[in-house]
Amino acid sequence: MLKRSLAIGLSLILTFGMVGCAKKTTTTTTTTTPAVTETKKMHIGIVTGTVSQGEDELRGAEAMIAKYGDAASGGMIKHVTYPDNFMAEQETTIAQITGLADDEDMKVIVVNQAIPGTVAAFKQIREKRPDILLLANSSQEDTAMIEAASDLVVDPDNVNRGYLMILAAKKMGAKTFVHISFPRHMSIELLSLRRNIMEQACKDLGLKFVFETAPDPMSDVGVPGAQQFILEKMPAWVAKYGKDTAFFCTNDAQTEPLLKRVAELGAIFVEPDLPSPIMGYPGAFGIDLKAEAGNWPAILKKVEETVVAKGGSGRMGTWAFSYGYTATEGLVEYGKNVAEGTMTKGNLADVIKAFGAYTPGAEWNGSLYLDRVSGKEIPNHVMVYQDTYVFGKGYLGNSKEVVPAKYKAIK
């Protein structure tokens, strides 16, 4: 599925700084956080994983509860989590999502990440509650199916990032790029496509591409076994490929042990699969961020100080604002405003405005998803990416780079 640039008017640029695949970017503005809103007329459901699978989405839900109140206490937000072993417990996942629709005041449901089972749950909700706005982030199911089941799908722009992460690795001094994943993730269309683009980008930019297989955390070894595998294999991989190797894994739970070993062994890490200063870094470096919770500039500063002190200056990066955290906030904000009638369903400008409100100072770029079979742009599927921030160095300027057209034709 090809993806063509999204031309966004000046009004969009001013609200969020996203454009199509052009070089235009801008800076978002800070919005005032209102006091907790109490309402009995509208509830918003948020579905995330637990801390063990990736805490950013969950922390974003907590931020929305702090902002708009818990539905159980007269506020707006109802938050539930799906099981860690969601592949083996899809019935539980579906039940958690569909259960939110039993609340007669439920008007919006946000699923972040949209793991397997989300499509089935959304279809069930559509049958009995067509009034509920269904929003999905970072889907792990068939692209056409999640688009058909959802009012809006948002993903990190894995097509453009397939090229840009390799470019970033080269800027950071990498000679080799190691992509670590497993069959379940490689069956996800956007992840498989990104992997293929990465391999071609390595050829074009003069890096060696290597694919390494790791255990799936959803397999019998579980999350602990999958993490232990990374800890044990990294010394051999660095010895084999050299310190000027950028390592990347597609699983959130494996990011922490990967970062730990990258720092210890002096290798390179561009950014997580779902980039964030708190994706893997706090656990890998023992950083306590309780005092900075929700303050992303302060979080970035504290993480950067620790990473630099551990020798990772210029060798490790992320996004300044958490993608998973921001997606929870942005989708809740968008859904709330659509339900209240202050934003319009299907209006891209409103989607962009809702996301941009939570990332002051960040530079973004992106486009609509283009179906590779039909050649048609999908209006309810938005792809975004943020500039890479390298600790000890600053922004790389990747949001301003023009991705060569050839990468949009890779399958």
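Starting from 1, residues in each chain are numbered consecutively following that chain's sequence as written. This being a predicted model, a pLDDT of at least 70 is required before a residue's local features are given, and a value of 80 or more before pairs of side-chain atoms are given or counted; all residues contribute to the totals for chains, interfaces and linings. For side-chain calculations, the full set of non-hydrogen atoms in the structure is used, while hydrogens and water are omitted.

A.B. asks: Help me understand the overall build of the protein in this model?
C.D. replies: Secondary structure is summarised from DSSP: a helix means a run of H or I of at least four residues, a strand means a run of E of at least two, and numbering begins at the N terminus for each. Per the secondary structure count, the protein includes 14 helices and 13 strands. With 411 residues in all, the protein has 63% of them scored as buried. By the convention used here, residues are in contact when the closest approach between their heavy atoms is within 4.5 Å. The long-range share in the protein, meaning contacts at least 24 apart out of those at least 6 apart in sequence, stands at 72%. Only the protein chains shown count as covering a residue, and every accessible area follows the Shrake-Rupley method with a 1.4 Å probe. Counting only carbon and sulfur atoms, one obtains 53% of the accessible surface of the protein, whose full area is about 15100 Å². We call a residue buried when its accessible area falls under 20% of the maximum for its residue type, exposed when it is over 50%, and partly exposed in between, using a 1.4 Å probe and counting protein chains only.

A.B. asks: Help me understand unusual backbone geometry, please; the structure alone is not making it clear to me.
C.D. replies: Across the chain, the bulk of peptide bonds are trans and the bulk of non-glycine residues have phi less than zero. That bond from Asn112 to Gln113 is cis: its omega, 5°, falls within 30 degrees of zero. With respect to the helices and strands, the residue Gln113 is situated in the loop between strand 3 (106–112) and helix 4 (118–128). A positive phi angle, close to 50°, is found at Ser138, a residue other than glycine. In this structure, Ser138 sits in the loop between strand 4 (133–137) and helix 5 (143–149).

A.B. asks: When you look at the sheet that holds strand 13 (residues 394–395) in this model, what are you seeing that I'm missing?
C.D. replies: Remark on secondary structure: sheet strands pair via backbone hydrogen bonds, oriented parallel or antiparallel. Strand order in the open sheet formed by 3 strands is 9-12-13, and the pairing between neighbours is antiparallel. Bordering the open sheet on either side are strand 9 (317–318) and strand 13, each of which pairs with just one other strand. As defined by bridge partners, strand 12 (residues 389–390) adjoins strand 13 across 2 bridges and the pair is classed as antiparallel. Residue pairing in the sheet places Tyr389 in a bridge with Tyr395 of strand 13. Strands qualify as paired when DSSP identifies two bridges or more between them.

A.B. asks: Before we go on, may I ask you to explain the packing of aromatic side chains in this structure?
C.D. replies: Remark: the centre distance and the inter-plane angle together describe each pair of aromatic rings, the angle taken between the planes. Any two of the Phe, Tyr and Trp rings considered here, Trp counted by its six-membered ring, make a pair once their centres fall within 6.5 Å; the pair's planes then place it as stacked at under 30 degrees, edge-to-face at over 60, or tilted in between. With the rule as written, the count across this model stands at 11 aromatic pairs. Measuring from ring centre to ring centre gives 5.1 Å for Tyr281 and Phe391, while their planes differ by 80°; the resulting arrangement is edge-to-face. In this pair, Tyr281 is assigned in helix 11 (residues 281–285) and Phe391 in the loop between strand 12 and strand 13, connecting sequence segments 110 residues apart. With a centroid separation of 4.8 Å and an interplanar angle of 80°, the aromatic rings of Trp296 and Tyr325 are classed as edge-to-face. Taken as a pair, Trp296 in helix 12 (residues 296–309) and Tyr325 in helix 13 (residues 323–340) lie far apart in primary sequence, 29 residues in all.

A.B. asks: Quick question: what am I supposed to make of the environment of Asp273 here?
C.D. replies: Structurally, Asp273 can be placed in the loop between helix 10 (255–265) and helix 11. Assessed through its relative accessible area of 7%, Asp273 is described here as buried. Asp273 sits 18 residues away from Thr255 along the chain, and the two C-alpha atoms are 8.4 Å apart. Excluding its chain neighbours within four sequence positions, the residues that come into contact with Asp273 are Arg161, Leu191, Arg194, Phe248, Cys249 and Thr250. A distance of 2.5 Å separates a polar atom in the side chain of Asp273 from a polar atom in the side chain of Arg194. In the analysis that follows, any N or O atom pair within 3.5 Å is treated as a polar contact, provided that within protein one partner can donate a hydrogen and the other can accept it, and provided that, for residues neighboring in sequence, both atoms belong to side chains.

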